[in-house]
Amino acid sequence: MAASDFSHLIAAAADTIALHAEELTALDQAIGDGDHGLNMKRGFEAVRAETDAIAAKPLPDALKALGTKLVMTVGGASGPLFGTLFMTLGKELPPVPDRAALASALGKAIEAVSARGKSQPGQKTMLDVLQPVYEALAQGKTASEIVDAADHAAEATVPMKALRGRASFLGQRSIGHMDAGARSTALLVRAVAEAIEGS
Ligand code: ADP
Ligand code: MG
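Report follows, based on the coordinates. Because the structure is a prediction, the values reported are computed rather than measured. (Residues numbered from 1 in each chain as written. Chains lettered and ligands numbered in written order. Predicted model: local features only at pLDDT ≥ 70, side-chain atom pairs only at ≥ 80, totals over all residues. Heavy atoms only, no water.)

1. Details of the coordination of the magnesium ion (ligand 2)
Note the following rule: Distances up to 2.8 Å from the metal define which N, O and S atoms are donors, and 3.2 Å serves for Na, K and Ca; water is absent from the atom set, so sites may look incomplete.
Bound to the magnesium ion (ligand 2) are the protein donor atoms D28 (OD), D33 (OD) and D35 (OD), situated 2.0 to 2.2 Å from the metal. One chain supplies every donor for the magnesium ion (ligand 2), spaced along it as D-x4-D-x1-D.

2. Considerations on unusual backbone geometry
Trans peptide bonds make up the majority, and among non-glycine residues the majority have a negative phi. So the rule is basically this: Runs of H or I in DSSP of at least four residues are treated as helices and runs of E of at least two as strands, each being numbered from the N terminus. Three labels apply to residues, based on accessible area from a 1.4 Å probe with only protein chains included: buried if under 20% of the type maximum, exposed if over 50%, partly exposed otherwise in between.
The phi torsion at K118 lies on the positive side, around 45 degrees, for a residue other than glycine. For K118, the position within the fold is in the loop between α7 (99-117) and α8 (127-138). Using a relative accessible area of 64% as the deciding quantity, one classes K118 as exposed. Of note in this structure, K124 is not a glycine but carries a positive phi near 65 degrees. In this fold, K124 is placed in the loop between α7 and α8.

3. Comments concerning the site of ligand 1
To be explicit about the condition: Residue proximity to a molecule or strand is established when one non-hydrogen atom of the residue lies within 4 Å of it. Polar contacts, as counted here, are pairs of nitrogen or oxygen atoms within 3.5 Å of one another; within protein the pair requires one atom able to donate a hydrogen and one able to accept it, and residues that are adjacent in sequence qualify only if both atoms are side-chain atoms. For the accessible areas, the method is Shrake-Rupley and the probe is 1.4 Å, while residue cover comes only from the protein chains on display. Detection works on a 1 Å grid of protein atoms alone, calling trapped sets that fit a 1.4 Å probe cavities and calling open sets with protein on both sides within 12 Å along at least five of seven lines pockets, with lining residues defined by an atom within 4 Å of a point. More than half of a molecule's atoms within 2 Å of the grid points is what it takes for that molecule to sit in a cavity or pocket.
Taken together, 20 residues lie around ligand 1, and N39, A77, S78, S119 and D179 are the ones closest in. S119 places a polar side-chain atom, nitrogen or oxygen, 2.6 Å from a nitrogen atom of ligand 1. Within the complex, 93% of the 570 Å² of free accessible area of ligand 1 lies under protein. Under a 2 Å grid-point criterion requiring more than half of the atoms, the pocket assigned to ligand 1 is the second largest pocket.

4. Things to note about the environment of E45
We apply this condition: In what follows, residue pairs with any heavy atoms lying within 4.5 Å of each other are defined as contacts.
Turning to its location among the elements, E45 is positioned in helix α3 (residues 36-49). Residue class for E45 comes out partly exposed when judged on its relative accessible area of 29%. C-alpha of E45 to C-alpha of L70: the two residues are 25 residues apart in sequence and 9.7 Å apart in space. Once you skip the residues sitting within four places of it in the chain, E45 turns out to touch A14 and A18.

5. Let's talk about the pattern of salt bridges
Put simply, the rule reads: Any carboxyl oxygen of Asp or Glu within 4 Å of a side-chain nitrogen of Lys or Arg constitutes a salt bridge here.
Applying the stated criterion across every chain yields a total of eight salt bridges. A salt bridge links E50 to K69, with the nearest nitrogen and oxygen atoms 3.1 Å apart. Of this pair, E50 sits in the loop between α3 and α4 (51-55) while K69 sits in helix α5 (residues 59-73); the two residues are 19 residues apart in sequence, bridging distant segments of the chain. Accessibility expressed as a relative area gives 35% for E50, which makes it partly exposed. Residue K69 is classed as buried on the basis of its relative accessible area of 15%. Through salt bridges with shared partners, one network takes in D15, E45 and R48.

6. Concerning the layout of surface pockets
Inclusion rule: Grid points are joined across faces, edges and corners, and a volume is the space filled by probe spheres set on the points. Think of it as three bins: nonpolar holds Ala, Val, Leu, Ile, Met, Phe, Trp, Tyr, Cys and Pro, charged holds Asp, Glu, Lys and Arg, and polar takes everything else, Gly as well.
Considering only enclosed or pocket space, the largest pocket measures out at about 920 Å³ in volume. Looking at the largest pocket, it is lined by 34 residues, and the ones nearest its centre are L9, L102, V192, A193 and I196. Those elements giving two or more residues to the lining of the largest pocket turn out to be α1 (3-19), α5, α6 (78-92), α7, α8, α9 (143-155) and α10 (180-198). Counting residues per element, the lining of the largest pocket draws most heavily on α10, at seven residues. A per-class count over the lining of the largest pocket returns 29 nonpolar, one polar and four charged. Together, 27 residues line the second largest pocket, and A77, S78, G165, R166 and D179 are the ones closest to its centre. When residues of the lining of the second largest pocket are traced back to their parent elements, those giving at least two are α2 (21-31), α3, α6, α7 and α10. The class makeup of the residues in the lining of the second largest pocket is 10 nonpolar, 10 polar and seven charged.

So this is what it looks like as structure tokens:
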């Protein structure tokens, strides 16, 4: 991937998080502690500030640097988890990946997030969006189908009962609200898919 393309990915990701920070915070206020929007915005703005240095690296190293930056700046439970996601993608992807390599790396990254969070899909977290995105990617779905799958999966967390993260402290009362991390993951999937499609 050319440096300019990775710069666009960073800008697209940071823009969508900035644009939706209040919404993410409101979601986290309902069943968490209301910091998810701020956490993610702080992290992605820190990444944006280092766009040139990050985008100059080969794709695997750029993803590792991005993930490391997120671990250092996002905070909360989600910082190490999003960091693990991107660092593992960096570890697993070749410099010029095709779709099969992307699907396989995402599968490994999901396993790493799952190990780090001691969590599985079905527990009302970001994994409930990542897993269907992986499946859509592996099944050869189009970018717009993958984006739809991510949005649908985030919506599908509304009736779920949280079994991991702060929302799990609420038990039954976590039902009826979308998971903030699922929503931010869906936003990132859309941003990345649209940036890749448009490039
Ligand atoms: P905190 O919960 O520490 O306030 P954030 O508000 O930034 O951190 O992030 C909360 C989000 O992190 C949740 O909405 C959920 O998607 C995700 N999350 C929390 N714990 C886990 C976990 N153990 N496994 C996977 N995702 C998790
Ligand atoms: Mg929170």
